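# Architecture and fold: a report
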Amino acid sequence: MDQSTRENLMIETRSISKVFQTEAGAVTLFSGLDLQVRPGESLAIVGRSGAGKSTLLSLLAGLDTATEGQVLIEGQEMELLGDEERARLRATKISFIFQSFHLLPELTALDNVRLPLEIRGAESPDKEAAHWLSQVGLEPRLHHYPAQLSGGEQQRVAIARAFATQPRLLFADEPTGNLDEETGARIIDQLFALNQQQDTTLILITHDPELAARCDRRLRLHNGALTEITS
Amino acid sequence: MSLLMRLAGRQLKTQLRTTEWRALLLATWIAITLTTLLTLLGDRLERGLLRESANLLGADLVLSSSRPLSDERLDEIEASGLTQTRVVQFPSMISNPTGGDTPPMLVSVRAATAPYPLRGEIITEPAQTTDLPEPGQVWVEQRVLSQLGLQPGETLELGYSEFTISAELISSPDRGTGFRSFSPHIIINRSDLEATGVLAPGSRASFRLLMAGDKESVAAMDAQLRPSLADHERLLALRTDQPLTGNALGNALAYLKLSALTALLLSALTILLSLRRFSQKQHTRSALLLNLGLNPGQLVRIYLYQLLLAWVALALLGTATAVLLDSAIQGWLANLLPQRLPDPAPYLWFSGAALGLVMLILIGLPPVLSLARIPVAHLLRGDSPPQDKRARTLQMICLALLAVTLLVFLQAPLAALILLVLLLVGGTLFGFIAQWLLVRAAEPLANRLLLGKLLRLRLRQQRKWHRLQSAVIVLLLTLLAVVWVSRSDLLAEWRAKFPTDTPNFFVINIQPWQKPDLDRFLEQNTIDSQLYPMIRGRLNELNGKPIRPQLNEEQLQDNSLHRELNLSWTHDKPAHNELLAGQWWEETPDRPQISVEQDMMGDLGLKIGDSLGFDIGGQQVSAEITSVRGVEWTSFRPNFYVIFSPGALESYPSTWITSFRLEGERKALATQMLSEFPSLTLIDIDQLLAQLATWLKRLGDSSAMILGLTLFCGLILMAVTLLQALEQRRFEAALMQTLGASGRQTRRLDLLEFLLLGLVCGALAGFSAELVLAGLHLALIDVEPRLHPTLWVALPALASCFFVVTGVLIRRPLRLDQCYRLLRAGA
């Protein structure tokens, strides 16, 4: 890969490893991982439980630091950024969708979507939040609390929250894990549609082969190594 | 030991490390301590009250009069066949003849005739074989001995006589009513009274005839006397008159109940929240135990054993703490109460422990029962089971039962219920106002700070907890501020309103034959004072006709018609009275004239030119109103409703009264005056106020201690509520950091929230404390309320400190790499 391509990468990892210290000694989760993700690409990471998928995701998102190696987001080395700068980067470029939605129960759907907009100091958070909720078909549910929404609706609020900041990079961690098959499928359609429309880079962690198959690329994390799955 | 018991013990041991169990233990401990303490104290006071009212009269029926009883009355009663005896009670000065500089003291003297009393008994140390002191002897209370530095066997002076102290008076019935019942008492034999010279015609005294007999005769005498009572007479019967209810001891009892209820509510809420949190954390463990083969009954038993084990330890600890505090309070109050308080009923030592058990079971049962109904599938799904309706109903029933228990326990269900409702309504109101203020206070910040917008969301998110926290803190801080300020300020402010030349000595019972010598004494010693004659008379005529038929219903209620008035005469207008209308007499007028106090003029609808008639010792005197005076009743100078012109009253028996100010070394002149005129009654206002200040201070200290414990209870509750929301806060912080906030931002957001909450609660508490204090100022000391700027600074500072410190202590910092793991773990 030449220099100019590298600069255009959304994410690049250079030989990263993660080692945990336990009472029984050091445990290496993975080592020497190299990964490149292009802008607009969708990538699925699959693997059995405990393989380290979520740890890898938090490294890629700059939420955790690698024991060795570097993580670069749009050419910026995460290690070199301070807490505030990393927070800024997350606020402006990165969004997350979680398996259990993680909406704040005391806030309405609208307020939940407003939260990241407020954090990044948006001009008119109310209007933007309402717009994104209407994008996921929840216009009539703006002022409902999470407890008043179904699982599928809660995940749609979470999707609206994720897209509201118009991120360059979206991480989805088992987004359909807590939903039934039919609702899950509808949510995923919506997620991919918005992803395409916004030209977001999507990194998806999943157990579901069908869901993984919808991504441009699929990687398996197994025994501390990443391998490309070819169809 | 059974397996279940062992399991319960181990469970308790492990859970002692969790914050919710520590809070539960602390709250229960305080609840048991305070309940035991307040029950013991309350029972002592109540028994004291009961004893006082049962023995109060020292008879079945008492005829009390401000004048010597007439012969007709005595004959009338003599004929009834009831046992009877006579007592005279009056204030007087006594002194220690060998006491050097020890100032004389004001006491209440009872001169009685045997048999005395007719009901109840006098207890003395050493015990005496006679009803009353032998002639020449006196029985005195401990306060007299300590203040005059005397011992039994030594002598004291009363008027012109000396008495040997033959015994210490421990308790006695027939103490009289009002303030005199609280001043130190001495008892002498009636046969010694004349020789002392302290009681002369017109002296202030209560003349009582005590009667006892069978129920029917007493009732018949009651019925016979009551309709014919004169204005200066009162009839007291055991069943109808309870002069001690509504007095200081009664108020103390009410205060104890308020404290107890507040503390119990706070404890109950703490235990409820702690157990709720505990049971939420036990879902998985319970599902596991059920999955392993325990049946629901066994599971319930494990958790109940666990609660019982905790209760046994707390019952011992709480009761022991209460006993210690009880003896401390007994020590503080020992010198203040007229008599030693009786010991409480033995079973009451366990009252706190018993109530603690009821609280734990009633609050603990619903969550424990719901744990036994956890579906084993919870282990697989990991979600929290929905609360079923039955659990909710059970909880409501248990809480209602708890409320009933508390009300019954406080023994005045209706008063306690009103109080409970007031506390709940007040708390809810404070909660809502505080939350509203909080939102308003955050508005300007939201437009200026980035964090301000998040703060707005935070306030919305935490609103329920904020309401609860602010309700509790505002109520407690208000109480604290009121007790703190009033304990020293009220009296100080009351005194401060008097000019510096306000008299500090009153002399009463000056006989006419003593006046020339006393005038000379005052003049020689350059004591600035004026003597006024004092005569009692009853207002009975207006413009030559009986006054009552000429007045309306409201005017008939006026106090001046229901008692004898103190009348006086003087040539010159008293300097401290203001002439508001009419003219003061120049010389001795031909016909009697009077000057009337302005309120009396207004209340009775009198006008200048009206003539008033008075019954003075059976003789009628009339005079025309020629002027109206303004009188400052709290000026500590002799004041009169009606002052006659010279020449009208001189022929009637009178005593004289005066007041003056002595400062520093010149106070010794008072002692000197008393040694020259032993039969005078000298009232040292400074001494009385000092006594009152000691009273207020000791009561303030005792109530501050009880309030301190209540406050501590409130603090634990605060910590528990912050803990309840802690996981939610950590989760929120994790989510916010994942969404782009920095660790510093979330920390600042917490600080901002706590600071604002503290400021709002402190300000609200300051406001409500000022309101209560203003009410107290107006009701108790009639002083224009003033603001207490210290409160406005101290309360918000205290509240903010409290919230910030508790918040920081409980909030653990959250590292960025923990955030995602925390969110994953919640999945």
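The preceding data block contains the structure.
Reference entry: report on the structure contained in this document. All of these numbers come straight from a predicted model, not from anything done at the bench.

As a further point, take the overall build of chain B. On a plain count of helices and strands, chain B comes out with 24 helices and 21 strands. Considering only contacts within chain B whose residues lie at least 6 apart along the sequence, 83% involve residues at least 24 apart.

Okay, the pairing of strand β17 (residues 611-616) of chain B next. All names here are of chain B. For β17, the buried fraction is high: five of the six residues fall into the buried class. As paired elements, strand β12 (residues 532-542) and β17 share four bridges and run antiparallel to each other. Counted as the bridge partner of R538 is D615 from β17. As paired strands, β17 and strand β18 (residues 619-630) are joined by six bridges and run antiparallel to one another. By the bridge assignment for β18, F614 is matched with V621. Hairpin connection between β17 and β18: a loop of two residues separates the two successive antiparallel strands, and G617 in this loop has a positive phi of roughly 55°.

Attention now goes to the packing of aromatic side chains. Taken as a whole and assessed by the stated rule, the structure comprises twelve aromatic pairs over all chains. A network of ring pairs unites the aromatic residues F96, F98 and F171 of chain A as a single cluster. One cation-aromatic arrangement involves K515 of chain B over W656 of chain B; the distance from NZ or CZ to the ring centre is 4.5 Å.

This brings us to the side chain of E153 of chain A. All names here are of chain A. Assignment of secondary structure puts E153 in helix α6 (residues 151-164). With a relative accessible area of 12%, E153 lands in the buried category. Sequence-distant contacts of E153, that is, excluding residues within four places in its chain, are made with L138 and R141.

Bringing the interface of chain B and chain A into the picture now. Contacts between the two partners involve 28 residues from chain B, matched on the other side by 33 residues from chain A. Between chain B and chain A, roughly 2,900 Å² of surface is buried when both sides are summed, and carbon and sulfur atoms account for 61% of that area. For the pair chain B and chain A, the number of links is two salt bridges. As a salt-bridge pair, E84 of chain A and R744 of chain B come within 3.5 Å of each other at their nearest N and O atoms. At the level of elements, α14 (450-461), α21 (726-738) and α24 (816-825) of chain B are the ones that each hand at least two residues to the side of chain B that touches chain A. Residues of the side of chain B that touches chain A, tallied by class, amount to twelve nonpolar, seven polar and nine charged.

Okay, the pattern of salt bridges next. If you walk through the whole model with that rule in mind, you get 29 salt bridges over all chains. The partner of D64 of chain A in a salt bridge is K18 of chain A, with the nearest N and O atoms 3.4 Å apart. With D64 of chain A in the loop between α2 (53-60) and β4 (68-73) and K18 of chain A in strand β1 (residues 11-22), this residue pair connects regions lying 46 residues apart in the sequence. Residue D64 of chain A is classed as buried on the basis of its relative accessible area, which comes to 9%. With relative accessibility at 9%, the residue K18 of chain A sits in the buried group. With a closest N to O distance of 3.0 Å, R217 of chain A and E41 of chain A form a salt bridge. Remark: E41 of chain A occurs in the loop between β2 (25-37) and β3 (42-46) and R217 of chain A occurs in strand β9 (residues 217-222); sequence separation between them is 176 residues. A residue is classified by how much of its surface remains accessible, and R217 of chain A, at 16% relative accessible area, is buried. Classification of E41 of chain A as buried rests on a relative accessible area of 5%. Through salt bridges with shared partners, one network takes in D111, R114, E118 and D126 of chain A together with R460 of chain B.

Residues and elements named next belong to chain A. Overall, mixed pairing links the six strands, which are arranged β6-β7-β8-β3-β9-β10 in an open sheet. For this open sheet the edge positions go to β6 (94-97) and β10 (225-228), each flanked by a neighbour on one side alone. Geometrically, the sheet is characterised by an average inter-axis angle of 20° between neighbouring strands, direction not taken into account. By the bridge criterion, four bridges tie β3 to β9 in an arrangement that is parallel. Among the inter-strand pairings, V46 is bridged to a residue of β9, identified as R220. This element, α2, spans β3, β6, β7 (169-173), β8 (201-205), β9 and β10 of the sheet and lies at about 160° to β7.

A cluster of acidic residues, D180, E181, D208 and E210 of chain A, forms a negative patch at the surface. Its location among the elements puts E181 of chain A in helix α7 (residues 181-198).

Residues and elements named next belong to chain B. Taken together, R6, R10, K13, R17 and R22 make up a surface patch of like positive charges. Looking at the positive patch, the element that brings in the most residues is helix α1 (residues 3-15), giving three residues. You can see K13 is positioned in helix α1. Since its relative accessible area comes to 64%, K13 is described here as exposed.

We now examine the environment of A471 of chain B. With respect to the secondary-structure elements, A471 of chain B resides in helix α15 (residues 463-496). As for A471 of chain B and F430 of chain B, which are separated by 41 residues in sequence, their C-alpha atoms are 5.2 Å apart.

Time to look at helix α5 (residues 125-135) of chain A. Residues and elements named next belong to chain A. Residues of α5 that are buried include every one of P125, A129, W132 and L133, and no others. All buried residues of α5 lie within an arc of 100° about the axis, which places them on one face of the element. For α5, the secondary structure elements touched by its buried residues are α4 (109-119), α6 and α7.

Let us now look at the sheet that holds β1 of chain A. All names here are of chain A. Reading across from one edge, β2-β1-β4-β5 is the order of the four strands in this open sheet, with antiparallel pairing throughout. Where the open sheet ends on each side, the last strands, each with one partner, are β2 and β5 (76-77). The strands touched by α2 within the sheet are β1, β2 and β4, with β1 carrying the most contacts at an inclination of about 125°.

A few words now on the packing of α5 of chain A against α6 of chain A. All names here are of chain A. Look at α5 against α6: their axes get within 9 Å of each other, and the N-to-C directions meet at 130°. On the basis of the axis angle, α5 is oblique to α6. As α5 packs across α6, the resulting crossing turns out to be right-handed. Counted together, E128, W132 and L133 of α5 and V157, A160, F163 and A164 of α6 form the full contact between these two elements. Tallied by class, residues from the contact of α5 with α6 come to six nonpolar, no polar and one charged.

What follows concerns helix α10 (residues 351-372) of chain B. Helical geometry: 3.6 residues make up each α-helical turn, so side chains three or four residues apart lie on a common side. Across its 22 residues, α10 of chain B extends 31 Å between first and last C-alpha, which sits within 8% of the 32 Å expected from 1.5 Å per residue. For α10 of chain B, the principal kink sits at L365 of chain B and spans about 40°; a proline, P366 of chain B, occurs within the next four residues.

For the rest of this paragraph, the subject is the nonpolar core. L56, F96, F171 and I203 of chain A are the most contacted members of the largest nonpolar core, which has 116 residues in total. Domain assignment of the residues forming this core places at least three in each of domain 1 (1-56 + 248-411) and domain 3 (414-496 + 684-827) of chain B. Not counting residues up to four positions away in its chain, the partners in contact with F171 of chain A are I11, L57, L60, A61, I94, S95, F96, I97 and I203 of chain A. By size, the runner-up hydrophobic cluster in this structure holds 61 residues, among which are W584, M600, L604 and F660 of chain B.

Residues and elements named next belong to chain B. Considering the arrangement of structural elements, one finds T502 in the loop between α15 and β11 (505-510). According to the relative accessible area criterion, T502 is buried, its value standing at 7%. Dropping the residues within four chain positions of it, T502 is found in contact with S635, F636 and R661.

About the thresholds
- Residues numbered from 1 in each chain as written.
- Chains lettered and ligands numbered in written order.
- Predicted model: local features only at pLDDT ≥ 70, side-chain atom pairs only at ≥ 80, totals over all residues.
- Heavy atoms only, no water.
- Helix = DSSP H or I, 4+ residues; strand = E, 2+ residues; numbered from the N terminus.
- Contact = heavy atoms within 4.5 Å.
- Buried < 20%, exposed > 50% of the residue type's maximum accessible area, 1.4 Å probe, protein only.
- Pairing = 2+ DSSP bridges.
- Phe/Tyr/Trp six-rings, centres within 6.5 Å; stacked < 30°, edge-to-face > 60°.
- Lys NZ or Arg CZ within 6 Å of the ring centre and 35° of its normal.
- Buried area = accessible area lost by both parts, 1.4 Å probe.
- Salt bridge = Lys/Arg side-chain N within 4 Å of Asp/Glu carboxyl O.
- Nonpolar A, V, L, I, M, F, W, Y, C, P; charged D, E, K, R; others polar.
- Axes fitted to C-alpha atoms, helices over the stretch in contact; angles between N-to-C directions.
- Patch = residues over 30% accessible without salt bridge, like charges linked within 9 Å, V, L, I, M, F, W, Y side chains within 5 Å.
- Areas by Shrake-Rupley, 256 points an atom, 1.4 Å probe, with all protein chains shown as cover.
- Lys, Arg positive; Asp, Glu negative; His and termini not counted.
- Charge placed at Lys NZ, Arg CZ, Asp CG, Glu CD.
- Arc of directions from axis to C-beta.
- Parallel < 35°, antiparallel > 145°, perpendicular 65-115°, else oblique.
- Left-handed = near helix turned anticlockwise from the far one by under 90°.
- Expected span 1.5 Å × (residues − 1).
- Bend = angle between axes of the 7 residues up to and from the residue.
- Core = buried A, V, L, I, M, F, W, Y, C linked by side-chain atoms within 4.5 Å.
- Domains from an automatic or database assignment.

All we've got here are geometric facts, nothing functional implied.
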